Amino acid sequence: MSIPIPVQPRTLVVIPARNEAATVASVVHAARQALPCDVLVVNDASSDDTSARARTAGARVLDLALHLGAWGAVQAGLRYAHRRGYARVATMDADGQHHAEALPALIATFDCEGAHVLIGSCEQRLSLPKRIAWRYFRALTGLKVRDFTSGMRVYDREALRVLSAPAASLLDYQDIGVLMLLAHSGLAMREVPIAMSPRQVGGSRVFSSWHMVARYMLATTLLCVARLEPGPRLRHGRQPVPSA
């Protein structure tokens, strides 16, 4: 009598990328070595050879015809995963900030925590202005998240369903708006500390100038105020999700 081998949940690593030809191949290689999973690079209308280098490194590539921004690219990857029945998705940046070797521990923690979303946070990388801004947004929204902008996260199938919906397409950024939408949908979120490195090439596109910072603060404040109506209470753990 043969002993059945447990089937591991299907995992997809989604890597949004725009003009990251210098680093995307090494990030894809590292992710494929760290986890037995599929890797999808969402090429956000890059003008360099990001797409070709990602394919050569072994990733599946979703080429966007128009520049959608960081959240638009991430959402495209989440929709791809949702429609293809992946059980969970890990997201990470293509610029080398995130350490792919942290993925196995992150996935293991996600499975044990029972949350719908797990955020890998690195408070050490936050500048004083960001710490002040995050304190302001925590007070405004009631969210207990310490690192709003971390792109290293794990989502379960219920979170994929929520973030694949049209309502999530109206968001500009992948941080506070996304987290508020998840919270108002009653999904549980957890946060664990991880290490991050500085960007290897270039700088932040959202915080590239004081004009961009002011735009971000204003847009996010308006979004927070608009979404502060009473919503469902946050659940403390995952509920069974019907199979696709």
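Keep in mind it's a predicted model, so treat the numbers as computed, not measured.

**Points about the side chain of serine 121**
- Of note, serine 121 is situated in strand β5 (residues 117–121).
- Residues within four places of serine 121 in sequence aside, it is in contact with Asp147, Glu191, Val192, Pro193 and Ile194.

**A few points about helix α6 (residues 157–164)**
- Counting buried residues in α6 gives six out of eight residues, a clear majority hidden from the surface.
- Those residues of α6 lying buried are Glu158, Ala159, Leu160, Val162, Leu163 and Ser164.
- At its buried positions, α6 is contacted by α3 (69–83), β4 (88–91), β5, β6 (153–156) and α7 (176–184).
- At the N-terminal boundary of α6, the capping side chain belongs to aspartate 156, with an oxygen 3.2 Å from the backbone nitrogen of glutamate 158.

**Some words on α3**
- Here α3 contains 15 residues, and its C-alpha end-to-end distance of 21 Å stays within 8% of the 21 Å for a straight helix at 1.5 Å per residue.
- Taken residue by residue, α3 has Gly69, Trp71, Gly72, Ala73, Val74, Gln75, Ala76, Gly77, Leu78, Tyr80 and Ala81 as its buried positions.
- Note on α3: the residue one or two positions beyond its end, glycine 85, has a positive phi of about 75°.

Here is what the cut-offs are and how they apply
Residues numbered from 1 in each chain as written. Predicted model: local features only at pLDDT ≥ 70, side-chain atom pairs only at ≥ 80, totals over all residues. Heavy atoms only, no water. Helix = DSSP H or I, 4+ residues; strand = E, 2+ residues; numbered from the N terminus. Contact = heavy atoms within 4.5 Å. Buried < 20%, exposed > 50% of the residue type's maximum accessible area, 1.4 Å probe, protein only. Polar contact = N/O pair within 3.5 Å; in protein donor to acceptor, adjacent residues only side chain to side chain. Expected span 1.5 Å × (residues − 1).

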